[in-house]
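Now for the letters of each chain:
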Amino acid sequence: MKKTILLPFFLLLFFAAIGQQKRTLVGEVSDGKSPIENVNISIVEKGITTITDSEGKYEVQVETGDKIRFSYIGFKTIFIRVEDVTKILNPIMVPDVTELDEVVVKNSKRMSQKDLEADYNIRKNIIRTAFGYLDGDRAAGNIRVLNEGDISAIDLCILDMLRGQFSMVRVSGDCQKGGEVFMRGSGSINNPASAIFDVDGQIFRDAPVWLSYGAIRRVGILNNLATTTPYGTLGNGGVVVINTVGYHPRQRNNEMADQARLKNNYLSGKVLTKTDLDRNKPTYLKELEASGNFEAAVAVFEKYQTPYSNSPYFFMDMATYFTKKWNNTDFSDTIIENNSRLFKDNPVLLKALAYHYEEQGRYEKANAVLKEVFILRPNYAQSYLDIANSYRDLNQVKQAAAIYARYDYLVQEGFMEQDNIVFGPLLEREFNNLLSLKRNTVITAQKSSKLYVAQEEFEGTRLVFEWNDSEAEFDLQFVNPENQYHLWKHSLMDNPETVYREKDFGYNVTEYLLDGSLSGTWGVNVKYLGNKSLTPTYLKATVYYNYGSSSQRKETKVFKLTLKDVNQELFKVQSVGGIVTE
């Protein structure tokens, strides 16, 4: 009875979030230094267009969910999804030029393994095999590739996925009993051989029906002598190459470590420390920290609260200070409650507030705020992850499992789409971890959820990064114990597909895994690039150490990003053992 009542109510919330009113969006388009006149601004599929004036300014009527296109000759076109809080967008356009990092030999299309590895994430026709990378655009013979965008949620396993997708490929069997794949042009007429399967470099004779569709990123079909020769006689029937999304821990970590060692990219230059950043703090924070006692700190707050009466960031700073410095949560809560109008119905600000509560270990407060976000954004994938993890912080395991199952139900019924690249695998990891540590309670709560795909295998240090503003752009830098670094770029200029995908599915999260293959102290830095407005962005870093073991525990840290275009230190972490210093 309870389930019958709650589900329609939840769906009512879901559909209520879709209906939105029109509003005016304003902003200024520039190249980072000067405004750009006559930039064409259009709402995709609606026929609404406008252009920027001589000062680069514009305004246009939009609705939540609209996709806006900014285009100008000689510059890269930008697409931005309008969200419930989007009121101002100040995009920076960059020249549309192709830069050559290395000398290219004329008349040669051959690329090295190093080049193919570097391009793997941005070129969809590159596949990884047990014998190296193959480029579908350049390799000898014909390589056919199925990408994540072509993988359907209705496919139960690799056999369903291949059935009808490729000409000259015949599939027998089913996902319960297994089956075989036959390729025309492989084997012989009288004795056709079935294909083998290369899954992230591991060779299987039997179809890997145990691999869920959500774990698969790319599928390549090899059925000619030029591409199957390395497999010897095993490859006589052709090869089905499967690349997973990378959530298998050891492989993902090795990729990260290898990228850090790929080039002569030793860290050099200035990295701002916490002491350096403190010099750029607002005056009110400097005066607070100079206060000798609680009463003096209150006097500083009272001095500045009127000039900053419309700044939610000021009041979050104040509440955080009085909690951390004086452990006076009553006074901190009063500050937020008296200024709740600034946070009301704004999921971006509410998430920042919840981050602070989580950092302070005040999980009841965080849960209450995240429930508000959930009601405002029931159609965002991130809402389910946030509220499920919040229930887990409260040790309410059944409630956490129910949220995971609810999300899975919406995906399976077609109410929500699943992202198979980042969010889907990450959510499965979260659920598998819950199952691993709280199996009996979880199975009692949700016996039939499809999210039970595998036992958590990873043990080590897990880093999870979340940010409250989807417009935030930044570079995360991971510096290994040998002082070489790997960059994860989160910007429309460097990684537009990732940003677009996050907006389409509604999440702002990424993870990195350190399994000890390169043991020692890692540094994590960030270069903040802005968020298309003049407001701060809050970055939450959750470090799980001894992840996947019975001694697993976590530490949450929140960073207010305001200073732009400088590399600044976040924290240091051991690849085994957890946080060392901030």
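One can find the structure itself at the top, above this paragraph.
Residues numbered from 1 in each chain as written. Predicted model: local features only at pLDDT ≥ 70, side-chain atom pairs only at ≥ 80, totals over all residues. Heavy atoms only, no water.

In space, the four strands of this open sheet follow the order β19-β16-β21-β22, with antiparallel pairing throughout. In this open sheet, the two strands that pair with only one neighbour each are β19 (509-514) and β22 (553-561). Recorded for the sheet is a direction-independent mean angle of 15° between the axes of neighbouring strands. Sheet topology note: the strand β16 (residues 460-467)/strand β21 (residues 537-547) ladder contains seven bridges and is antiparallel. Counted as the bridge partner of Val464 is Thr542 from β21. Its contacts with the sheet put helix α15 (residues 423-437) on β16, β19 and β21, and the angle it makes with β19 is roughly 60°. (Pairing = 2+ DSSP bridges. Helix = DSSP H or I, 4+ residues; strand = E, 2+ residues; numbered from the N terminus. Axes fitted to C-alpha atoms, helices over the stretch in contact; angles between N-to-C directions. Contact = heavy atoms within 4.5 Å.)

The backbone phi angle of Glu45 is positive, close to 70°, even though this residue is not glycine. Turning to its location among the elements, Glu45 is positioned in the loop between β2 (40-43) and β3 (48-51). Judged by relative accessible area, Glu45 falls into the exposed class, the value being 81%. In this structure, Lys532 is a non-glycine residue whose phi angle is positive, near 65°. Secondary-structure assignment places Lys532 in the loop between β20 (521-530) and β21. On the basis of relative accessibility, which here comes to 12%, the residue Lys532 falls in the buried class. (Buried < 20%, exposed > 50% of the residue type's maximum accessible area, 1.4 Å probe, protein only.)

Summarising burial for strand β23 (residues 567-574): six of the eight residues are buried, a large majority. When β20 meets β23, the two strands line up antiparallel, connected through seven bridges. Paired with Lys527 across the strands is Asn567, a residue of β23.

On to the pairing of β19, then. Counting buried positions along β19 gives six out of six residues, so the element sits mostly inside the fold. By the alternation rule, side chains of β19 split into Val509, Glu511 and Leu513 and Thr510, Tyr512 and Leu514, which are all buried. Across six bridges, the pairing between β16 and β19 is antiparallel. Its bridge partner lying in β19, Leu463 is registered against Tyr512.

Another point: the pattern of salt bridges. The tally for this structure, following the rule as stated, stands at 31 salt bridges. Here Lys281 and Asp278 are joined by a salt bridge, their closest N and O atoms 3.3 Å apart. Its salt-bridge partner being Arg501, residue Asp419 comes within 3.2 Å of it at the nearest N-O pair. Residue Asp419 is found in the loop between α14 (397-412) and α15, and its partner Arg501 is found in helix α17 (residues 496-505); the two are separated by 82 residues along the sequence. Of the two residues, Asp419 and Arg501, both sit in the buried class. Each of the salt bridges in this network shares a partner with another, and the network as a whole consists of Lys274, Asp278, Lys281 and Glu289. (Salt bridge = Lys/Arg side-chain N within 4 Å of Asp/Glu carboxyl O.)

The next point concerns the packing of helix α9 (residues 312-326) against helix α11 (residues 347-359). Running from amino to carboxyl end, α9 crosses α11 at an angle of 10°, the nearest separation of the two axes being 11 Å. As summarised for this structure, α9 and α11 are arranged roughly parallel, according to the angle between their axes. Counted together, Pro312, Tyr313, Met316, Thr320 and Lys324 of α9 and Leu349, Ala352, Leu353, His356 and Glu359 of α11 form the full contact between these two elements. Split by residue class, the contact of α9 with α11 holds six nonpolar, two polar and two charged. (Parallel < 35°, antiparallel > 145°, perpendicular 65-115°, else oblique. Nonpolar A, V, L, I, M, F, W, Y, C, P; charged D, E, K, R; others polar.)

Taken as a whole and judged by the stated rule, the model has 33 aromatic pairs. With 6.2 Å between their ring centres and 10° between their planes, Phe301 and Phe314 make a pair best called stacked. In this pair, Phe301 is assigned in helix α8 (residues 294-304) and Phe314 in helix α9, connecting sequence segments 13 residues apart. Neither residue differs from the other here; Phe301 and Phe314 are each classed as buried. On the numbers, 6.4 Å between centres and 15° between planes, the contact of Phe465 with Phe571 is stacked. (Phe/Tyr/Trp six-rings, centres within 6.5 Å; stacked < 30°, edge-to-face > 60°.)

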